[in-house]
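Structural overview
As a plain string of letters, each chain reads:
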Amino acid sequence: MDRDRWRVIISAAATGAWNMALDEAILEAVVTHQAPPTLRLYAWQPPCLSLGQAQPYRDVDRTALTAAGWDLVRRPTGGRAILHTDELTYSVSAPQHEPRVAGSILESYRRLSAALLLALQIMHLPARADQQYPLPEGAQQNGAVCFEVPSNYEITVEGKKLIGSAQARRLGGVLQHGSLPLYGDLTRITQVLAYPNEQIRKAASNRLIAHATTVEKILKRPPTWQEAANAFQKAFETALDLELVQSEPLKSELNRADELVSRKYGLDDWNLRL
């Protein structure tokens, strides 16, 4: 692959609805050639529970979520629930013919995983991409929590999942985004999901601790968001042979994101639809 120029957008922390809307707006701009392929790095404020596109809303304990003061949004990608807090989130938007995302979902995910893997290694994390990741004992393939559910080329450190990613393809484009937990208690998510009883909730919490981790747990110190963002930029340039040019979103992308918040991601018709 020849060295190509991509755009990188470093976003301020925002609501779940805005984050998903801007990702979709960027994808639309990229596939219509208004913008180059884009790596976006961002955070969430307030914390937000995101559901996969096809995940049932009944997985959520809305009373507990409201009491915690956390947002809810449904992603345009698949996968299971993620609590977005104390993390770095990345998204990649590119036309489907771009060599780094071309081919099958698995092929494109494997290429992008090379950059994710290098980013963690730059942060001095002994990461690996497991082609086959075993289903944790007691877990279900369709369980509610993303970090409890394995997939091919999972990014792990010391045998524990560290990055959860999901991909969508639409309008001739590819959107992949994922979450890197930097620090904090991963089991907080189980407090806002619905379980038949507290024993089952506790079992889910224990599985999460046993099979997922944070950067802080490995490094024995909390990393800064900027430290992780710098590593991601360097890794994407190196692993994918790119030149990243920092940019702000286009005005048209911001306007489209506003529209998507008001017509889609900010509405119960989308977020609670299943």
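Everything in this summary refers to the structure shown in the same document. Note that the structure is a prediction, hence the values are computed from the model and not measured. Here the residue index of a chain counts from 1 through its sequence in written order. Where totals are concerned, whole chains, interfaces and linings use all residues; where local detail is concerned, this predicted model gives features only for residues with pLDDT of at least 70, and gives and counts side-chain atom pairs only at 80 or more. As a rule here, side-chain values cover all heavy atoms of the structure and leave hydrogens and water aside.

Side note on the packing of aromatic side chains
Under the convention used in this document: A pair of Phe, Tyr and Trp rings is counted when the ring centres sit within 6.5 Å of each other, with Trp represented by its six-membered ring. The angle between the planes then sorts it: under 30 degrees is stacked, over 60 is edge-to-face, the rest tilted. The secondary structure listing takes helices from DSSP runs of H or I that are at least 4 residues long and strands from runs of E that are at least 2 residues long, numbered from the N terminus. Working definition: with a 1.4 Å probe on protein chains only, accessible area under 20% of the residue-type maximum means buried, over 50% means exposed, and in between means partly exposed. Remark: a charge is flagged as sitting over a ring if the NZ atom of Lys or the CZ atom of Arg is within 6 Å of the ring centre and within 35 degrees of the ring normal.
Inspection of the entire model under this criterion finds five aromatic pairs. With a centroid separation of 6.5 Å and an interplanar angle of 50°, the aromatic rings of Y90 and F236 are classed as tilted. With Y90 in strand β6 (residues 87-95) and F236 in helix α6 (residues 225-239), this residue pair connects regions lying 146 residues apart in the sequence. Here Y90 matches F236 in class, with each residue buried. The structure contains a cluster of three or more aromatic residues connected by ring pairs, namely Y90, F232 and F236. One Lys or Arg, R40, reaches over the ring of Y42 and ends 3.7 Å from the middle of that ring.

Some points on the sheet that holds strand β4 (residues 71-74)
In a beta sheet, neighbouring strands are held together by backbone hydrogen bonds and run either parallel or antiparallel to one another. The criterion, for reference: When DSSP locates at least two bridges between a pair of strands, those strands are taken to pair. Helix axes are fitted to C-alpha atoms over the stretch in contact, other axes to C-alpha atoms as well, and angles between N-to-C directions run from 0 to 180 degrees.
Taken together, the three strands give an open sheet; going across it, the order is β4-β3-β5, and neighbouring strands pair in mixed fashion. Unpaired on one side and paired on the other, β4 and β5 (82-84) mark the two borders of the sheet. On average, each strand axis in the sheet is inclined to that of its neighbour by 25°, with strand direction left out of account. The sheet contact formed by strand β3 (residues 48-51) and β4 spans four bridges and is parallel. Residue pairing for β4: S50 is matched across the bridge by V73.

Quick word on the packing of helix α1 (residues 16-31) against helix α7 (residues 251-265)
This is how it is decided: Angles are sorted into four bins: roughly parallel if under 35 degrees, roughly antiparallel if over 145, roughly perpendicular if 65 to 115, and oblique for all others. Whether a crossing is left-handed or right-handed is set by the direction in which the near helix is turned from the far one by less than a right angle, anticlockwise for left-handed and clockwise for right-handed. Only heavy atoms enter the contact rule, under which two residues are in contact if any of them lie within 4.5 Å.
Interhelical geometry of α1 versus α7 gives an angle of 125° and a closest axis separation of 8 Å. One element, α1, and the other, α7, form an angle in the oblique class. In the crossing of α1 with α7, the sense of the turn from one axis to the other is right-handed. Contacts between α1 and α7 involve A17, W18, M20, A21, L22, E24, A25, I26, E28 and A29 from the former and E253, L254, R256, A257, D258, L260, V261, K264 and Y265 from the latter.

Considering the nonpolar core
Applicable threshold: The criterion is simple. A nonpolar core is a set of buried Ala, Val, Leu, Ile, Met, Phe, Trp, Tyr and Cys residues joined through side-chain atoms within 4.5 Å.
Among the nonpolar cores identified, the biggest contains 37 residues, and Y90, L125, L180, F232 and F236 are the most heavily contacted of them. The contact partners of L125, leaving out residues within four places of it in the chain, are L120, V157, L162, V215, I218 and L219. The next biggest cluster of nonpolar side chains, apart from the first, holds 18 residues, and it includes I9, A17, Y265 and W270.

What to know about unusual backbone geometry
Of note, the bond from Q45 into P46 is cis; its omega dihedral lies within 30 degrees of zero at 0°. Note on placement: P46 falls in the loop between β2 (38-42) and β3. Of note, H124 is a non-glycine position whose phi angle comes to about 70°, a positive value. Structurally, H124 is set in the loop between α3 (105-122) and β7 (127-130).

What to know about α6
Inclusion rule: Here, expected helix span is obtained from the residue count minus one, scaled by 1.5 Å.
Taking 1.5 Å of rise per residue, 15 residues should cover 21 Å, and α6 covers 21 Å from first to last C-alpha, within 8% of that figure. Among the residues making up α6, those that are buried are A228, A229, A231, F232, Q233, A235 and F236. D241 sits one or two residues past α6 and shows a positive phi near 55°.

A word on helix α4 (residues 198-211)
To keep it simple, the criterion reads: For the purposes of these results, a polar contact is taken to be a pair of N or O atoms within 3.5 Å, where, inside protein, one atom must be able to donate a hydrogen and its partner to accept one; residues adjacent in sequence count only when each atom of the pair is a side-chain atom.
Taking 1.5 Å of rise per residue, 14 residues should cover 20 Å, and α4 covers 20 Å from first to last C-alpha, within 8% of that figure. Where α4 starts, the residue carrying a side-chain oxygen 3.1 Å from the main-chain nitrogen of Q199 turns out to be N197.

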